[in-house]
Structures are given as structure tokens and as C-alpha cells.
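Coordinates in review
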Amino acid sequence: MAISLTDTAAERVQAFLANRGAGEGLRLGVRTTGCSGMAYVLEFADTVEPEDHVFESKGVRIIVDPKSMVYMDGTELDYGKEGLNEGFKFNNPNVKDTCGCGESFTV
Amino acid sequence: MALLQISEPGESSAPHEHRLAAGIDLGTTNSLVATVRSGVAETLPDQSGKFLLPSVVRFAAGDSTVVGSDAKAAAAEDPVNTVLSAKRLMGRGLEEVKARFPKLPYEFDNDCEVVPRIKTVAGPVSAIEVSAEILKSLRQRAEDTLGGELSGVVVTVPAYFDDAQRQATKDAAKIAGLKVLRLLNEPTAAAVAYGLDQRAEGTVAIFDLGGGTFDVSILHLKQGVFEVRSTAGDTSLGGDDFDQLVADWIVEQAGFDEDRSIRYHRQLMNIACSAKEALTETQQTEIDLQFDDGSRWQGHLGRDEFNRIVQPLVKKALLPCRRALRDAGLEANDIDEVVMVGGSTRVPLVRESVGEFFGREPLVHIDPDKVVAVGAALQADVLVGNKSSDEMLLLDVIPLSLGLETMGGLVEKIIPRNTTIPVARAQDFTTFKDGQTAMSLHVLQGERELVQDCRSLARFTLREIPPMVAGAARIRVTFQVDADGLLSVTAREETAGVESGIEVKPSYGLTDSEIEQMLLDSLSHVEDDVAARSLREEQVEAQRVIEALDAALAQDGNALLSAEERAAIDSASAVLHDAMTGSDHRAIKRAISALDKASSEFAARRMDSSIKRALAGHKVEDFS
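The text that follows walks through the structure, step by step, so that each part is easy to find. Because the structure is predicted, anything quoted here is derived from the model rather than measured. (Residues numbered from 1 in each chain as written. Chains lettered and ligands numbered in written order. Predicted model: local features only at pLDDT ≥ 70, side-chain atom pairs only at ≥ 80, totals over all residues. Heavy atoms only, no water.)

It is worth spelling out a negative patch on the surface at this point. Taken together, the side chains of Glu 201, Glu 331, Asp 334 and Asp 336 of chain B present a region of like negative charge at the surface. For Glu 331 of chain B, the position within the fold is in the loop between helix 9 (303-328) and strand 18 (337-341). (Patch = residues over 30% accessible without salt bridge, like charges linked within 9 Å, V, L, I, M, F, W, Y side chains within 5 Å. Areas by Shrake-Rupley, 256 points an atom, 1.4 Å probe, with all protein chains shown as cover. Salt bridge = Lys/Arg side-chain N within 4 Å of Asp/Glu carboxyl O. Lys, Arg positive; Asp, Glu negative; His and termini not counted. Charge placed at Lys NZ, Arg CZ, Asp CG, Glu CD. Helix = DSSP H or I, 4+ residues; strand = E, 2+ residues; numbered from the N terminus.)

Structure below.
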């Protein structure tokens, strides 16, 4: 399995990275926090650790640490609009339940 | 599922702890809101995709207040309840508003002089409340777009805004339910938008030519600190003036009489504006005027001709540039970058002339209408804590010197103009008379030497000074200006520890043109001011000498002086009295030294007699 991006997400990430002018790629991950236990991490990556998993999807390097990989395998990152608001969405097949606001989840 | 944004490495926020921040450019004509998302600062559009929110509010009966384009559209049909350009009224008193804007269609409530209220069907509203409605609308837009509540905002203000106007802006944000992280000067925001703060060192000129006003600022960056070195401008120069000149040209070309040009003024201005905008892209534009009386005029305007028409305005804009450079103590070639702000900087001749003046190509790639909001958003992002590393610290300056009134109606400057803020400065003062137990402090703003030529900001009194001889009390007066440019003054008598203070609250604001005028006056009156200061200083000294002499004469005059000697002193004293009322400080000085000479024998005898008195009844041994 792997981690992938939708076309829109790939386009946006490339634009943001180009604007930032630096960075190895996009770091995805999870950490234990929030009301339902886990929350996503979505950051620019300036360094790649030796143990990191690195994927290439539609021209974007995706970097995931091994611990997060367990909870994220098969995830697709999407970019969408909800009214005026726009941003990234994780389509994660491992998720069993999310909290009301959807910012954290359990597996 | 919530929508997420990309964070900087290690800066991912915990769920429900996103710190959303926005930058707001609260403009006279239009306002904007911007934010940083996934590392990009961008202005936020409304539902219909428009970025600019016209700074217009229409009040209606009930709670239905309308802000923006719809309000602007209603301005003609409902002028009394539709408030435009409220920014110009911020922090100003009723009298000042009436004097400065005699043609306003509003009816003012006469109850409150300090904060004028416009009578509308929804009740009386102040400029602060009008601005608050605009800010509320932008807040709503930002929160809808970002999907959460704003933790804080940075609101931009003109560099020339005084204390009252800054405080009024803060109050408006408070009413709109916004937490103001910082008020930021507009030119500083523009420099931040271009990332000029990321450099090691440099000097930047910000050329801001808006719809009705022009400002130029010189910023200096050193060791990661941004500092505004000088500001200058012209409060009645902007895009509207360009339109007026083009409209005048059309009137002349078409041979319209005065009646017609007045009757169709609005239409002429609109078509002039369109022609100006067209000429930023093309070399020639067609003008087709059709009036409702059926007549029509057609013509064309080329860019060369347009340049010739607006040349005087461009030249006029370069004068403040020169002044700003001089105030900063710099030459044009010391400027590393020039940033263009305001829609009127799209005019090619403006860009060329500014480029020529500073000897370098100006930065124009960020939309000049949005650049200020973008810079404010970047600063808000740092202040709200989304970027921990290399915190960007911005420093601004105070536009006019702050000082205190001293004896003789003179102004002692405590914080000179162009000092970077935040700043605190203290100075020690003392009492003028024996047994003085109170001291009245008068806080002033301005560049001139005399109180009457500066603006009064506040007065307060320090009481319960322990009675001491003149000059023995030590009163430390501290002026403190916070990061938003708001002043507080405290006075403390050091020996007794009594203290008193004041915060400068919004009172009567000072108009931009008045600030400008005050700066100009200080330059053109340098010599007068020096003479006036010398005069007042000599007058104060003369007063002191006469008081001391009169006291001495009352005590010992009859005992120690012959009638002849007494007459000589009296006549010298009379000469000094006369000179004091005149305006020749040299004459006063001469009279003081003449009196000094005439009374020196008397002073010597007093000394002797007091020593004799002290020695009387003692033997020499007592003193050995």
C-alpha cells in the first residue's frame, strides 16, 4: 500500500511548495492528541529521516514516519472547498470513528 | 471532516487549537482582509468573489445594517443614513469634522462634542461604530473562510495617524469583537508583504499613492529590526486628482461651458477614470461621452498627451519623497528597494518617474491594492504564534515630537519625532518657586518651540510635593509610547514618592494636513523659533532676577542703601521691566547685566551684613 494525492491536492501542494521556495516535500503523519485520540499532521518537510517512508505521487514527495504509517496506510489526500473554506482532507481507510468536528479520529 | 492547512515543520497545532489570524487593511474607500494559509498570504474574497469591500455602511430601521457594495449603491438614494469614508472622521471632534468636511450630508448629534455622532434611522452612530460594522463584515468573511474563530488580527493605519485616531481604530476593532494583536503602519505592512524584512540590512522607500492621499515612508532594516525612519506626504493628492485633470482636458477639448461641466461632473470624472485605467495598458484610448440631453462628444487620448496632462501631479508627488529622504538623512541612491502601493501607482508615468527619482526599478508584482493587507496578514501570523522561529519584530516611529510645557510657554521635547516605538524616556524637572507643592504638566505634540504653536494632548497635576526651596525637588517625568503608538505620561517626585499620571485618550484628533502643516511650519520657522525661544528664556531669567532683587530690597534695602544708591538700582530695575515687555532678547540680556552691575555692591553688603549677623556674639575661637 502507499499514500497518494488526488489531482487537486497535488496541484495545490506543488503551488504551496513553489511559493515557499524550499522544502523536501510534504510530511504527513498522526499524533496522539485531541478528543478522539489521534490527529493528523500536515507540514512542509525540510528534512527526511533515514527511517521515513517516502512516496512519490503526481510529482510530489510525500514523507511519512514509520509509526504514523501504521495508521495511515492507503490514505488519499484530497483538497476541497466547503463554502468559502478550502483545505486538505484525509481519506483514510483505517479510521473507525471521528470526533464531532472531525479534527481527530480513532482507528 | 475538517479541512486542514499545511503547517511549517514542527508547527502543527493540536485539534481545536488552531490559531487563526488575519490582517485587515481598513481603508478610506475600500477595505480588505487577508490571511496566511499553507504558507501563502492571500486576500480573501466574499461569496461573489470580490476582494475589495467598499468602506460604506448603510443604517436602516431595525437591525438591518448593510455593509459594502449594496450600501455603496444606496448612497445616492439614502445619503443621510449611508456613511462613506468614516476613516476620515476617526478620532476627530465635532467642530473639526464640521470645519474640515462642511459638505457632509449627515446630521450630527450635538450632544457629544468629542465623539461626533451621525443621526441615522437606526439611532446616532459614531465613526468608530461605522468602522466596527466594516470590521465585523470582514471578520465574518474571514471566519467563514477559515472555518473558525479569529484569535487575533493586525489592523493597518496610516503612518500619520495620531494617538486619538489609533485609539479610535482599536475601539472599533473591540466593538467588532476582534482582538487587535497590533496596529501596523500601512507602509511597514507593504514592506513586509514583499518579504523585505527577510534581508540582513537595507533601506526601503514605500510610495503609496491612493485614491485621495499620498504617503511616502523610508524604512530601515537592520539586524532583523524594521524601523520607520521618516514619513512625508500630501493629504490632497491621489487618483481623483488625476481624473480631475483628465476631465478638465476633456472639457477644454470639447469646449463645454461651465454649466455643462458642473452638471455632468460625475459622468466626466467616471469617463476620465476609465481613460486613465485604459492607458495603463494601451498607448491610446477612445473617449465617447453621451449625455442624457442627447448630445455626444467623441475624442481620443494618447499616452503621451495623458503623461503631459498629469506631469504636474507626478512632480508634486516627488516633493514629499525629497522631504522624506532629507528627514531620514539619506540620498536617493541610499535606497535599496522601492515598493509601490495604491491603485494610482499603476499609471506608467508614476512608475517611471519614481524609478528615475530613486534610481531603481520599483517593486510592483504584488497587486498594489492588496499589498498592505497581505503584509498585515503575515505579521498577524507571526504575532498569533504560528511561526515561532526568527520572530519578526517591527518597529514604527512617532510622527511628531512629544514634549512638556516649561516656564515661559516653551516646549521641552522629551521624545523627538521619528523615535522608534515602543519607547520610554524620562527627564527630571524641578520646582520654580520656594514652597511649591504642586506642578501642572501640559503634554504637547509638535515640532515648534512655543506651546501656542504645538498641539495640546493632555494636562494633569502632580500634587503633594513636599515644600522645599525652589530647585530642590526632583520630579521625574516619564513618557511611554506603546507598540501601537499610544502615549502615557507619569510624573513622580523622587524624594516623597508622590506620583501622578495620564493616558492620552482620544480627544480631538489632528488632521493629516495639520500634521503636515506643523512639520512644514517647523522648517520654515526655524529662525523665528530660535529667536522666540531666546526671548522667552531671557524673560524667564529677568522675572527670576527681579523677584529675587525685590525680595532682597524689601528685607535690607533701607538699611544698606543710600537714597542715591537705591535710586540707581530702581532705575536699572525699571529698564529691565521695560525690556521684558519688548521682543528684543538682547536688550533684556543687557538690562539684566546692567541691573546685576548696579546691584552688585548691594549684594556684597548683604553678604557682609549676614556674615556679621552670623558672627555677632561669637568669639573667633568659636569658629576655629
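It is worth spelling out the sheet that holds strand 10 (residues 123-126) of chain B at this point. Residue and element names in this part refer to chain B. Within the open sheet, the three strands sit side by side as 8-9-10. Their pairing is antiparallel. Two strands lie at the open edges of the sheet, namely strand 8 (108-109) and strand 10, each paired on one side alone. Alignment of strand 9 (residues 117-120) against strand 10, held across four bridges, turns out to be antiparallel. When the bridges of strand 10 are listed, Arg 117 appears paired with Ser 126. Helix-sheet contacts for helix 3 (residues 127-146) involve strand 9 and strand 10, and the interaxial angle to strand 10 is about 80 degrees. (Pairing = 2+ DSSP bridges. Contact = heavy atoms within 4.5 Å. Axes fitted to C-alpha atoms, helices over the stretch in contact; angles between N-to-C directions.)

Turning our attention to the pattern of salt bridges. Residues and elements named next belong to chain B. Scanning the entire structure with this criterion turns up 29 salt bridges over all chains. In this structure, Glu 305 engages Arg 308 in a salt bridge whose closest nitrogen and oxygen atoms are separated by 2.8 Å. A residue pair is termed a helical-turn pair when its members lie 3 or 4 positions apart in one helix, as Glu 305 and Arg 308 do in helix 9 at three residues. Classification of Arg 308 as exposed rests on a relative accessible area of 52%. Note that Glu 565 and Arg 605 form a salt bridge whose closest N and O atoms lie 2.5 Å from each other. A residue pair is termed long-range when its members are at least 10 positions apart, and Glu 565 in helix 14 (residues 563-581) and Arg 605 in helix 16 (residues 600-615) qualify at 40 residues. Of the residues examined, Arg 605 reaches a relative accessible area of 23% and is grouped as partly exposed. Linked through salt bridges whose partners overlap, the residues forming this network are Arg 346, Asp 367 and Asp 369. (Buried < 20%, exposed > 50% of the residue type's maximum accessible area, 1.4 Å probe, protein only.)

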